[in-house]
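Chain by chain, the residues run as shown.
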Amino acid sequence: MSEQSFVASPVASRECPFNRPRERGKEKFMATRQNLFTRVVRATLTKNAVRVAPVVVAALGLGLGTAACSDDFTPVAVGDLTLDAEPQRVVSMSATATEMLFAIGAGDKVVAVDNFSNFPAEVDSLPKVDAYQPSVEAISELEPDLVIISYDPGNLVEQLNALSIPVFAANAVMNLDGVYEQMEQLGALTGRSDAAAEAVASMRAEVQSIVVGVPKQDPPLTYYYELDPTLYSVTTNTFIGSVMSQFGLVSIADGVEAGNDYPQLSAEVIVEKDPNIIFLADVKCCAQSAATVAVREGWGALGAVTNGSIVELDDDIASRWGPRLVELLAQVAERSEEHTSELQSH
């Protein structure tokens with residue numbers, strides 16, 4: 001399995017990566033902020049690959065294959081994973097995968113979800129499993145015929161394989177094409193290929209409609225994307241960076257720290273670079289807002305503060321690479337258009 005399969009592409013938290021070790025004395029705060037996906041990224045960046053069949057990484061470059069069968073469900077293969085029967089009891093240990101499954105009409109097959117899955121509303125009544133410290137016994141008691149993970153926190157895959165429970169690794173993707181592919185892969189595995197294709201086509205059309213409606217600026221608008229109050233951010237080389245680049249936006253974190261696409265910025269750097277727009281992906285987790293940013297020492301004179309160009313994002317949507325990304329793009333597009341109009345009026 002190639003190293004590229006495990007390139008992590010996170011969006012801000014709830015499933016957000018930091019490529020820096022936690023600083024001493026901040027363990028409690030960072031443990032709260034760096035939830036499941038933070039650890040997903042750390043694990044995938046420090047391990048070459050999971051090499052235990054029948055796991056397959058749902059990342060860019062993996063194709064779908066099928067084999068002939070006389071039953072209603074044609075055996076489907078995604079990478080190394082082949083399912084001979086249509087799953088009826090799916091355990092989703094990824095908040096993103098949960099949203100995708102419901103979006104493609106496979107929600108009726110989901111019998112349990114991870115403790116970060118909170119959308120759609122139907123998941124509220126489902127049993128919850130801990131995806132960070134999973135119990136193989138608890139999972140097996142659910143009698144799943146497919147388990148979906150976003151990373152392996154240890155030897156979970158090996159233990160589930162020993163129980164003949166198929167596992168599909170729906171890892172983080174690098175761009176929108178990866179989102180579409182992963183939705184189609186989940187559709188193939190759950191017998192919902194047609195519904196998945198329709199969902200992807202609809203999402204593509206919505207994204208295209210949003211993007212073409214926003215004129216790009218020359219020079220491009222810059223942004224600061226805040227992952228948490230300790231000023232961790234993202235570069236253009238991340239998944240969220242690729243989303244922002246759809247609108248011609250450039251991250252002020254680019255080039256700040258060589259080799260680190262999730263650098264911790266200093267207040268001095270942010271003030272010096274004076275971004276046109278500030279995106280807050282730490283609203284729910286850390287109670288940050290336009291008001292709290294405005295009173296930070298030295299931030300009051302930032303153009304984004306004085307012009308009201310601070311965008312409060314939904315942490316959950318901003319941290320997942322699922323169907324609700326359309327809502328994130330619409331929010332970014334609205335602020336970009338408003339800022340462009342303000343520039344043209346001056």
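Note that this is a predicted model, so its numbers are computed, not measured.

**Student:** Would you mind showing me how to read the state of the cysteines here?
**Tutor:** Covalent bonding between the sulfur atoms of two cysteines defines a disulfide. Tallying each qualifying case throughout the model produces 1 disulfide. Here Cys 285 engages in a disulfide with Cys 286; their sulfurs sit 2.5 Å apart. An S-S torsion of about -95° defines the bridge between Cys 285 and Cys 286 as left-handed. When its relative accessible area of 26% is taken as the criterion, Cys 285 is described as partly exposed.

**Student:** Can you walk me through the pairing of strand S11 (residues 277–280) in this structure?
**Tutor:** Side chains on a regular strand alternate between the two faces of the sheet. On S11, burial covers both faces: Ile 277 and Phe 279 on one face and Ile 278 and Leu 280 on the other are all buried. Sheet topology note: the S11/strand S12 (residues 310–312) ladder contains 3 bridges and is parallel. The partner of Leu 280 across the bridge, within S12, is Glu 312.

**Student:** Got a minute to help me understand the packing of aromatic side chains in this structure?
**Tutor:** Two numbers describe a pair of aromatic rings. These are the distance of the centres and the angle of the planes. Tallied over the entire structure, the rule returns 3 aromatic pairs. Judged by centre distance (5.9 Å) and plane angle (70°), the rings of Tyr 223 and Phe 279 are edge-to-face. Separated by 56 residues along the polypeptide, Tyr 223 in strand S9 (residues 222–226) and Phe 279 in strand S11 bring together distant segments of the chain. For the residue pair Tyr 223 and Phe 279, the accessibility class agrees, reading buried in each case. Geometrically, the ring pair formed by Tyr 225 and Phe 279 is tilted, given 6.5 Å between the ring centres and 40° between the ring planes. In this pair, Tyr 225 is assigned in strand S9 and Phe 279 in strand S11, connecting sequence segments 54 residues apart. Assigned by exposure class, Tyr 225 and Phe 279 land together as buried. Ring-pair connections join several aromatic residues into one group, and the members of that group are Tyr 223, Tyr 225 and Phe 279.

**Student:** What is the right way to read the side chain of Glu 99 from this model?
**Tutor:** Inspection of the secondary structure puts Glu 99 in helix H3 (residues 95–103). The buried category is assigned to Glu 99, whose relative accessible area is 5%.

**Student:** Can you help me understand the sheet that holds strand S4 (residues 90–93) in this one?
**Tutor:** Adjacent strands of a sheet pair through backbone hydrogen bonds, lying either parallel or antiparallel. Spatially, 5 strands are ordered S6-S5-S4-S7-S8 in an open sheet, and the strand pairing comes out parallel. The strands lining the two open edges of the sheet, one partner per strand, are strand S6 (128–129) and strand S8 (167–169).

**Student:** Could you clarify how one ought to interpret the pattern of salt bridges in this entry?
**Tutor:** Side chains that carry opposite charge are capable of pairing whenever their charged atoms lie near each other. Under the criterion given, the structure shown has 10 salt bridges. Where Arg 192 meets Asp 108, a salt bridge forms, and the shortest distance between an N and an O atom there is 3.5 Å. On the criterion of sequence distance, the pair formed by Arg 192 in the loop between helix H6 (176–189) and helix H7 (193–212) and Asp 108 in the loop between H3 and strand S5 (110–114) is long-range, its members being 84 residues apart. A salt bridge links Asp 177 to Arg 204, with the shortest nitrogen-to-oxygen separation between them at 3.8 Å. Of this pair, Asp 177 sits in helix H6 while Arg 204 sits in helix H7, placing them 27 residues apart in sequence. By relative accessible area, Asp 177 is classed as partly exposed at 47%. Where salt bridges share partners, they join Glu 99, Lys 284, Asp 314, Asp 316, Arg 320 and Arg 324 into one cluster.

**Student:** How should the environment of Cys 286 be read in this particular structure?
**Tutor:** Its place among the elements puts Cys 286 in helix H10 (residues 283–286). Judged by its relative accessible area of 14%, Cys 286 falls in the buried class. Note: C-alpha distance between Cys 286 and Asp 315 (29 residues apart in sequence) is 9.8 Å.

**Student:** Please clarify how the pairing of S9 should be interpreted in this entry.
**Tutor:** Buried residues dominate S9, accounting for 4 of its 5 residues. Once you follow S9 into helix H8 (residues 239–245) and on to strand S10 (residues 250–251), the crossover reads as right-handed. Direction of pairing for S9 relative to S11: parallel, over a ladder of 4 bridges. By the bridge assignment, Tyr 225 is partnered in S11 with Phe 279.

**Student:** Would you explain the sheet that holds S9 in this entry?
**Tutor:** If you walk across this open sheet you meet the 4 strands as S10-S9-S11-S12, and the pairing is parallel. Edge positions in the sheet fall to S10 and S12, since each of these pairs with one other strand and no more.

Definitions and limits used
Residues numbered from 1 in each chain as written. Predicted model: local features only at pLDDT ≥ 70, side-chain atom pairs only at ≥ 80, totals over all residues. Heavy atoms only, no water. Disulfide = S-S within 2.5 Å. Buried < 20%, exposed > 50% of the residue type's maximum accessible area, 1.4 Å probe, protein only. Helix = DSSP H or I, 4+ residues; strand = E, 2+ residues; numbered from the N terminus. Pairing = 2+ DSSP bridges. Phe/Tyr/Trp six-rings, centres within 6.5 Å; stacked < 30°, edge-to-face > 60°. Salt bridge = Lys/Arg side-chain N within 4 Å of Asp/Glu carboxyl O. Right-handed = clockwise from strand over helix to strand, strands pointing away.

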